[in-house]
2 protein chains.
Amino acid sequence: MIKIVVDAMGGDNAPQEIVKGAVQALQRDAELSVVLTGDKAKIEPCLAGMAYDAARLQVVHCSEVITNDDVPTLAIRQKKDSSLVVALKMLKEDEEAQGFVSAGSTGAVLTGALLRVGRIRGISRPAVCPALPTAKGGKVFIIDAGANAECKPVNLCHFAIMGTAYAKAMGVKDPCVGLVTNGTEEHKGDPLHQETFHLLKKLQGIRFVGNVEGRDIMSGDIDVAVCDGFSGNIALKTAEGTALAVMSVIKQNIKSSLAAKIGYALFMRGAFKKIKKVLDYSKYGGAVLLGIEKVVVKSHGSSKAESICASVLQAKEAAESGLVGEIRQMLTGIDLEIAQDA
Amino acid sequence: MIKIVVDAMGGDNAPQEIVKGAVQALQRDAELSVVLTGDKAKIEPCLAGMAYDAARLQVVHCSEVITNDDVPTLAIRQKKDSSLVVALKMLKEDEEAQGFVSAGSTGAVLTGALLRVGRIRGISRPAVCPALPTAKGGKVFIIDAGANAECKPVNLCHFAIMGTAYAKAMGVKDPCVGLVTNGTEEHKGDPLHQETFHLLKKLQGIRFVGNVEGRDIMSGDIDVAVCDGFSGNIALKTAEGTALAVMSVIKQNIKSSLAAKIGYALFMRGAFKKIKKVLDYSKYGGAVLLGIEKVVVKSHGSSKAESICASVLQAKEAAESGLVGEIRQMLTGIDLEIAQDA
């Protein structure tokens, strides 16, 4: 049995969709137990009428909520009875609690995880690692997708290690790692990426395939795309925006032609539903926050039940695979010069 | 009559497709004249059998070619009789020559333009500015898309000015400018982007709408996306890669369903051809290199005739609109502190 703590009050659709998603996860996985933190008076009506194994679901009442309007550092310190802080306290203190899911404020989840759960020894900068679909039908993990706007080479090496460990935990065998820069040649990039290139080449325990360009991220040729948090965030969001723009161009063109409209209605609705599903990366669950002592998954703020369910199962899978232990293990094996922040 | 010089030997499909594209441009625009630089013995057979106004086409023979294997700075200095160097010399010295197109090595075109044609006074860092399609059916100009891996705030201000001038030259009225960072809030980004934000807010002559994220680049809400050359290159190539990945996912799904296959064959082939055309940004011509004393357009290395034709017409349009003069004009109007590199 693996216990996952869920912040029932975080996100645009809380608590209704969060509760529903958590219950769906319980229905799908008999080895899972869930703790919901939040306002009991709001959570309990959501649970009414749903079928679930009550022995595997616990609701822990708390009176406060951290919103996107709160300043993360202040909120984490002051709102001690918020659903987020209560959940993270449990994650830290309860040995059985092995993972956490929230669709709340990214800044608050990040700050809260750092302050209340703590970093893995040797990792100075935890990083956000979401997955994107690839042209070959698989997934690629982008790390860091936005936690650290400024990085040092050692941070990027840690990202490569953590991304490798996570890809393994998600079932990728011998994941290969690319460093995302402005060109594939060795000398490309700014000094940060040039230096990182040389460190990654020497780094044991990862399969580094060299520099890659933005166009390679979703090609399916790499499993882990290592980025500084600034350009990683731009890459992730550009990919999102481009997929939306492409689908919008397609829709416009289908709508503007009678033949295409008929073809779509008669034959292609099913195929397009599937396509949308592949491209909608919220279906893959959330972005994992790597470098924290326990598994932390941040779902999109707009997550609905399906996405929350995927995130809970993802947190369980990562915890079950021993992700945190794997990262610790990989860190002990490597050159100390790289392992310690300069 | 506007004279555009074309490097007939640059690119994967030179000289055949380059010559063909240049001739197509001549056919489409009676106010255009073209100079082709390159090996006469190879260019003339390509011209045979094509219908064009011989009075508007000149071939200037030269014996050398700069390839992707050449080191740009060395090649520009040493290969004095190369199609690129001869073309740039003519661009610099011939007052009638107002624009240049090449599908050759990006590094060599950049270096050559800097060394042989020269920068606009006040601009220390010329920048590459390609266009991408948007979800609303228009275009967005990304500057810098890769010429400068390291930038200062003043460079990004120049990019905003040059991008605005170019968008105007391409017919956009009162273009609006976004600064691409890892979040829309004012405090987002690294120190480079934070400082740039404050400079852009004060900069006269541009319509600055604030920070934008990667997902906003192709939304159609902005006309000019200002980036440092490192993350701009990643954004551009991620957009390319994502569009390819999405189209590949769509194709796979159509192929895997008989109904979708029939629907596609009977009704949707036309719509998809149009979609491909909208998304294929080579159809928009090449990436303009801004900050040079004359108009320089860099086409994709893999350009075929259609793309070269678009690039030649684009160079003519930019020259005709007085692009270089507009940039000079905008620079004289602005705060000297920003205009001069720190």
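- As annotated in an unreviewed UniProt entry, chain A carries the name Phosphate acyltransferase and is attributed to Candidatus Borkfalkia faecavium.
- Turning to chain A, the UniProt annotation filed under Function (unreviewed entry) states: "Catalyzes the reversible formation of acyl-phosphate (acyl-PO(4)) from acyl-[acyl-carrier-protein] (acyl-ACP). This enzyme utilizes acyl-ACP as fatty acyl donor, but not acyl-CoA."
- UniProt lists a comment for chain A under the heading Sequence similarities (unreviewed entry), and it reads "Belongs to the PlsX family."

### Comments concerning the interface of chain B and chain A
Line of reasoning, step 1. Contact residues are listed per partner, giving 52 residues for chain B and 52 residues for chain A.
Line of reasoning, step 2. Carbon and sulfur atoms make up 72% of the surface buried where chain B meets chain A, a total of about 4,500 Å² over both sides.
Line of reasoning, step 3. On the chain B side of the interface with chain A, the three residues burying the most area are Arg215, Phe230 and Phe267 of chain B, jointly 14% of the side's total.
Line of reasoning, step 4. Here chain B is connected to chain A by four salt bridges.
Line of reasoning, step 5. Across the pair Lys237 of chain A and Glu213 of chain B runs a salt bridge whose closest N-O atoms are separated by 3.1 Å.
Line of reasoning, step 6. Taken together, chain B and chain A are joined by ten residue pairs in polar contact (both at pLDDT 80 or more).
Line of reasoning, step 7. When contributions to the side of chain B that touches chain A are tallied by element, the ones reaching two or more residues are α7 (191-202), α8 (229-255) and α9 (258-279) of chain B.
Line of reasoning, step 8. If one sorts the elements of the side of chain B that touches chain A by residue count, α8 of chain B sits on top with 21 residues.
Line of reasoning, step 9. Its residues assigned to classes, the side of chain B that touches chain A shows 28 nonpolar, 16 polar and eight charged.

### With respect to the sheet that holds strand β11 (residues 287-290) of chain A
Residues and elements named next belong to chain A.
Line of reasoning, step 1. In spatial order, the strands read β3-β2-β1-β4-β12-β11-β5; together these seven strands make up an open sheet with mixed pairing. Only two strands of the sheet have a single partner each, and these edge strands are β3 (57-61) and β5 (127-129). Direction aside, the axes of adjacent strands within the sheet are offset by 25° on average.
Line of reasoning, step 2. In the packing of helix α1 (residues 16-28) onto the sheet, the strands contacted are β1 (2-7), β2 (32-38) and β3, and the crossing angle to β2 comes to about 165°.
Line of reasoning, step 3. Packed on one face of the sheet, helix α5 (residues 106-117) meets β4 (97-102), β5, β11 and β12 (295-298) and runs near 170° to β12.

### Quick look at helix α5 (residues 106-117) of chain B
All names here are of chain B.
Line of reasoning, step 1. In this model α5 runs 16 Å from its N-terminal to its C-terminal C-alpha over twelve residues, within 8% of the 16 Å that 1.5 Å per residue would give.
Line of reasoning, step 2. Of all the residues in α5, the buried ones are Ala108, Val109, Leu110, Thr111, Gly112, Ala113 and Val117.
Line of reasoning, step 3. Close packing links the buried residues of α5 with α3 (72-78), α4 (83-93), β4 (97-102), β5 (127-129), β11 (287-290) and β12 (295-298).
Line of reasoning, step 4. Two residues or fewer after α5 comes Gly118, characterised by a positive phi angle close to 100°.

### Description of a nonpolar patch on the surface
Line of reasoning, step 1. A cluster of nonpolar side chains, Leu258, Ile262 and Leu266 of chain A, forms an exposed patch at the surface whose accessible area comes to about 310 Å².
Line of reasoning, step 2. As for its position among the elements, Leu266 of chain A is in helix α9 (residues 258-279).

### Structural notes on the packing of α8 of chain B against α9 of chain B
All names here are of chain B.
Line of reasoning, step 1. The contact between α8 and α9 brings their axes to 11 Å, and the two run at 170°. What the angle tells us is that α8 and α9 run roughly antiparallel. Two secondary-structure elements touch here, α8 through Met247, Ile250, Lys251, Asn253, Ile254 and Lys255 and α9 through Ala260, Lys261, Tyr264, Phe272, Ile275, Lys276 and Leu279.
Line of reasoning, step 2. Among the residues making up the contact of α8 with α9, the classes are represented as eight nonpolar, one polar and four charged.

### With respect to the packing of aromatic side chains
Residues and elements named next belong to chain A.
Line of reasoning, step 1. This model, assessed by the stated rule, comprises four aromatic pairs over all chains.
Line of reasoning, step 2. Seen from their ring centres, Phe141 and Tyr166 are 5.1 Å apart, and the 75° between their planes marks the pair as edge-to-face. With a gap of 25 residues between them, Phe141 in strand β7 (residues 139-143) and Tyr166 in helix α6 (residues 153-169) connect regions that are remote in the sequence. Judged on exposure class, the residue Phe141 and its partner Tyr166 are both buried.

### Focus on the relation of the copies chain B and chain A
Line of reasoning, step 1. Take chain B, turn it by 180°, move it 0.0 Å along the axis, and it overlays chain A with an RMSD of 0.0 Å. On the angle and the small slide along the axis, the relation comes out as a two-fold axis.
Line of reasoning, step 2. Take the interface residues of chain B: 100% of them recur as interface residues in chain A, which is what a same-surface contact looks like.

### Structural notes on the pattern of salt bridges
Line of reasoning, step 1. Tallied over the full model, the rule gives 28 salt bridges over all chains.
Line of reasoning, step 2. We note a salt bridge from Arg215 of chain A to Glu240 of chain B, for which the minimum N-O separation is 2.7 Å. Here Arg215 of chain A, found in the loop between β9 (207-212) and β10 (224-226), pairs with Glu240 of chain B, found in helix α8, and the two come from separate chains.
Line of reasoning, step 3. Classification of Arg215 of chain A by relative accessible area gives partly exposed; the value is 30%.
Line of reasoning, step 4. Take Glu240 of chain B: its relative accessible area is 14%, and that puts it in the buried class.
Line of reasoning, step 5. In this structure, Glu293 of chain A engages Arg328 of chain A in a salt bridge whose closest nitrogen and oxygen atoms are separated by 2.4 Å. With a gap of 35 residues between them, Glu293 of chain A in the loop between β11 and β12 and Arg328 of chain A in helix α11 (residues 323-333) connect regions that are remote in the sequence.
Line of reasoning, step 6. On the basis of relative accessible area, Glu293 of chain A is assigned to the partly exposed category, the value being 26%.
Line of reasoning, step 7. By relative accessible area, Arg328 of chain A is classed as partly exposed at 38%.

### Let's talk about the side chain of Ser33 of chain A
Residue and element names in this part refer to chain A.
Line of reasoning, step 1. As for its placement among the helices and strands, Ser33 is situated in strand β2.
Line of reasoning, step 2. Overall, Ser33 belongs to the buried group, its relative accessible area being 10%.
Line of reasoning, step 3. Not counting chain neighbours up to four residues away, the residues in contact with Ser33 comprise Met1, Ile2, Lys3, Ile4, Leu26 and Arg56.

### A few points about the confidence of the model for chain A
Line of reasoning, step 1. For chain A, per-residue confidence averages 92 on the pLDDT scale, and residues scoring 70 or more make up 96% of the total.
Line of reasoning, step 2. Both scores are available for the predicted complex, with the pTM at 0.91 and the ipTM at 0.89.

### Points about the sheet that holds strand β9 (residues 207-212) of chain B
All names here are of chain B.
Line of reasoning, step 1. Read from one edge to the other, the open sheet built from five strands follows the order β6-β7-β10-β8-β9, with strand pairing classed as mixed. In the strand order of this sheet, the two ends are held by β6 (131-133) and β9, each with one partner. For this sheet, the mean angle separating the axes of adjacent strands, direction not counted, is 30°.
Line of reasoning, step 2. Bridge analysis of β6 against strand β7 (residues 139-143) gives three bridges, and the strand direction is antiparallel. From the neighbouring strand, Ala131 faces β7, where its bridge partner is Phe141.
Line of reasoning, step 3. Sheet contacts for helix α6 (residues 153-169): β7, β8 (176-180) and β10 (224-226); angle to β10, the most-contacted strand, approximately 165°.

Parameters and conventions
- Residues numbered from 1 in each chain as written.
- Chains lettered and ligands numbered in written order.
- Predicted model: local features only at pLDDT ≥ 70, side-chain atom pairs only at ≥ 80, totals over all residues.
- Heavy atoms only, no water.
- UniProt positions renumbered as here; feature names shortened; annotations may be inferred.
- Contact = heavy atoms within 4.5 Å.
- Buried area = accessible area lost by both parts, 1.4 Å probe.
- Salt bridge = Lys/Arg side-chain N within 4 Å of Asp/Glu carboxyl O.
- Polar contact = N/O pair within 3.5 Å; in protein donor to acceptor, adjacent residues only side chain to side chain.
- Helix = DSSP H or I, 4+ residues; strand = E, 2+ residues; numbered from the N terminus.
- Nonpolar A, V, L, I, M, F, W, Y, C, P; charged D, E, K, R; others polar.
- Pairing = 2+ DSSP bridges.
- Axes fitted to C-alpha atoms, helices over the stretch in contact; angles between N-to-C directions.
- Expected span 1.5 Å × (residues − 1).
- Buried < 20%, exposed > 50% of the residue type's maximum accessible area, 1.4 Å probe, protein only.
- Patch = residues over 30% accessible without salt bridge, like charges linked within 9 Å, V, L, I, M, F, W, Y side chains within 5 Å.
- Areas by Shrake-Rupley, 256 points an atom, 1.4 Å probe, with all protein chains shown as cover.
- Parallel < 35°, antiparallel > 145°, perpendicular 65-115°, else oblique.
- Phe/Tyr/Trp six-rings, centres within 6.5 Å; stacked < 30°, edge-to-face > 60°.
- Least-squares fit on C-alpha atoms with pLDDT ≥ 70 in both.
- pLDDT = per-residue confidence, 0-100.

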